[in-house]
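# Working through the structure, step by step
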Amino acid sequence: MSDLPYRRATFRQADRTDNKVSLYNSGQPLGVECVGCGRRALTFADPKAFARLQGDMTRLQALKFKCTKCGSREVQLWMFYSDEHREKFMERPVGGPEF
Ligand SMILES: [Zn+2]
């Protein structure tokens, strides 16, 4: 149990207060997971797109996504605080991340 705060701080679901500025401050792109089929992708991974996050207060949960595999618009958003955790997210194609 002692490592729980560490894991929360490095890999967590975006909440309603998170915006593009908090994503920018995390230093990592946004993880998008389709609720319909479990497909995972990263967005704002391009350096130019990432740089445009700065100063943008748009809430992450207000962003619209559509899964290219199953067409679902229902997604879970994940934020990362290290390359390692971002890579772990992309290694697991289906199912929730490990906590
Ligand atoms: Zn899908």
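Below, the structure is looked at part by part. Bear in mind that the values here come from a model prediction, so they are computed numbers and not experimental data.

### Notes on the packing of aromatic side chains
Scanning the model with the defined rule gives 2 aromatic pairs in all. For the pair Tyr24 and Phe50, a centre-to-centre distance of 5.3 Å together with 25° between the ring planes defines the contact as stacked. Of this pair, Tyr24 sits in helix α2 (residues 20-26) while Phe50 is found in helix α3 (residues 47-51), placing the two residues 26 residues apart along the sequence. Residue Tyr24 is classed as partly exposed on the basis of its relative accessible area of 27%. Their ring planes at 55° and their centres at 5.1 Å tell us that Phe80 and Phe89 sit as a pair that is tilted. For Phe80, a relative accessible area of 0% puts it in the buried group.

### Points about the sheet that holds strand β1 (residues 11-13)
With antiparallel pairing, the 4 strands of this open sheet are ordered in space as β1-β4-β2-β3. Only two strands of the sheet have a single neighbouring strand rather than two, namely β1 and β3 (40-43). The sheet shows a mean angle of 30° between the axes of neighbouring strands, direction not considered. As defined by bridge partners, strand β2 (residues 30-34) adjoins β3 across 4 bridges and the pair is classed as antiparallel. Across the sheet, Glu33 pairs through a bridge with Arg40, a residue of β3. In this fold helix α4 (residues 83-91) packs onto β1, β2, β3 and β4 (75-80), with an angle of close to 140° to the strand it touches most, β3.

Calculation criteria
- Residues numbered from 1 in each chain as written.
- Predicted model: local features only at pLDDT ≥ 70, side-chain atom pairs only at ≥ 80, totals over all residues.
- Heavy atoms only, no water.
- Phe/Tyr/Trp six-rings, centres within 6.5 Å; stacked < 30°, edge-to-face > 60°.
- Helix = DSSP H or I, 4+ residues; strand = E, 2+ residues; numbered from the N terminus.
- Buried < 20%, exposed > 50% of the residue type's maximum accessible area, 1.4 Å probe, protein only.
- Pairing = 2+ DSSP bridges.
- Axes fitted to C-alpha atoms, helices over the stretch in contact; angles between N-to-C directions.
- Contact = heavy atoms within 4.5 Å.

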